[in-house]
Amino acid sequence: MREFRADAIPVPRWTGPKLTGEHGPLDLEIGAGQGLHGIRYCQQNPERTLIAIERTANRFAALKNRLDHHPDIRNMIAVRADAVPFVTHFVADHSLENVFLLYPNPYPKHKQSNQRWHYHPFLDELRRKMKPNARLHLATNLEWYAQEAKEQMVNRSFRLVSENRITQMDRPRTHFERKYLQSGQPVYDLVFERMGNS
């Protein structure tokens, strides 16, 4: 596995301060899409702040539009960026309490496997940004991906604390989740806990 080198990651444009969580609980969603999960999460957890990162222009525009229609939500930091450089340079170590990876790109081809989150060198950096015992929430519609993640996350100093196979849900968290459940596909919902203090 490649070693992650933070000093080799270009610093993205960001005019805000480094995010530390010093003013309250801080969470992160990578690949926030159109913001369905993020909006609901912020409404349900007004005491927490969610960093919602989305890389693609069209999905981020939809997220911002949805957020504009909820002026009461003041606990979301919406960022259009690649998560790797942004988190590396602008999220403080040991500051995150929850990380959401809901339906990440599975990169199904064998030659792409090192781009899956559980193999990616950046996972060690992401772990460093998490507090001890912080939780990483992973959802996928692919059984093989869920199984592989379970096996590999243990090797990356995470502990599996919850595992569910969901076939229906009253309020799907994302548009992908809604599509998968409506088509009869199961959803694999995994929660991992960060182990260790370093």
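Above this text is the structure in question.
Keep in mind that this is a model prediction, so the values were computed, not measured. (Residues numbered from 1 in each chain as written. Predicted model: local features only at pLDDT ≥ 70, side-chain atom pairs only at ≥ 80, totals over all residues. Heavy atoms only, no water.)

Looking at the pattern of salt bridges
Side-chain pairs of opposite charge can arise whenever the charged atoms involved come near each other. How we decide: One speaks of a salt bridge when a side-chain nitrogen belonging to Lys or Arg is within 4 Å of a carboxyl oxygen belonging to Asp or Glu. By the criteria applied, helices consist of DSSP H or I runs no shorter than four residues and strands consist of E runs no shorter than two, each listed in order from the N terminus. The rule is simple: take the accessible area with a 1.4 Å probe, protein chains only, and divide by the maximum for that residue type; under 20% is buried, over 50% is exposed, in between is partly exposed.
Going through the model one piece at a time under the given rule, you end up with 15 salt bridges. The residue R135 makes a salt bridge to E193 at a minimum N-O spacing of 3.5 Å. Placement of R135 in strand β5 (residues 130–140) and of E193 in strand β7 (residues 187–194) is noted, with a sequence separation of 58 residues between them. What makes R135 partly exposed here is its relative accessible area of 34%. Overall, the relative accessible area of 12% leaves E193 in the buried class.

Re empty space enclosed by the protein
Stated formally: Cavities and pockets were defined on a 1 Å grid built from protein atoms only: a cavity is a group of points that admits a 1.4 Å probe but offers it no way out, a pocket is an open group of points flanked by protein on both sides within 12 Å along at least five of seven lines, and a lining residue is one with an atom within 4 Å of any such point. Grid points are joined across faces, edges and corners, and a volume is the space filled by probe spheres set on the points. For this classification, Asp, Glu, Lys and Arg are treated as charged, while Ala, Val, Leu, Ile, Met, Phe, Trp, Tyr, Cys and Pro are nonpolar and the rest, including Gly, are polar.
Per the counting criterion, the structure on display carries one cavity of 30 Å³ or more. Approximately 50 Å³ is the volume attributed to the largest cavity. Around the largest cavity sit L101, W117, H118, L123, L136, L138, Y145 and M153, which together line it. Put simply, the parts of the chain that give the lining of the largest cavity at least two residues each are β5 and α5 (143–155). Considering only residue class, the lining of the largest cavity consists of seven nonpolar, one polar and no charged.

Quick notes on helix α3 (residues 83–90)
Heads up, the condition is: Any two residues whose heavy atoms approach within 4.5 Å at even a single point are treated as in contact. Polar contact is defined as a pair of N or O atoms within 3.5 Å, subject to the rule that within protein one atom must be able to donate a hydrogen and the other to accept it, and that residues adjacent in sequence are counted only when both atoms are side-chain atoms.
With seven of its eight residues buried, α3 lies for the most part within the structure. Every buried residue belonging to α3 is among A83, V84, P85, F86, V87, T88 and F90, and all of these are buried. Turning to α3, the residues buried within the fold contact β1 (26–30), β2 (49–54), β3 (76–80) and α4 (122–129). One side-chain oxygen of the residue at the start of α3 lies 2.9 Å from the amide nitrogen of V84, identifying that residue as D82.

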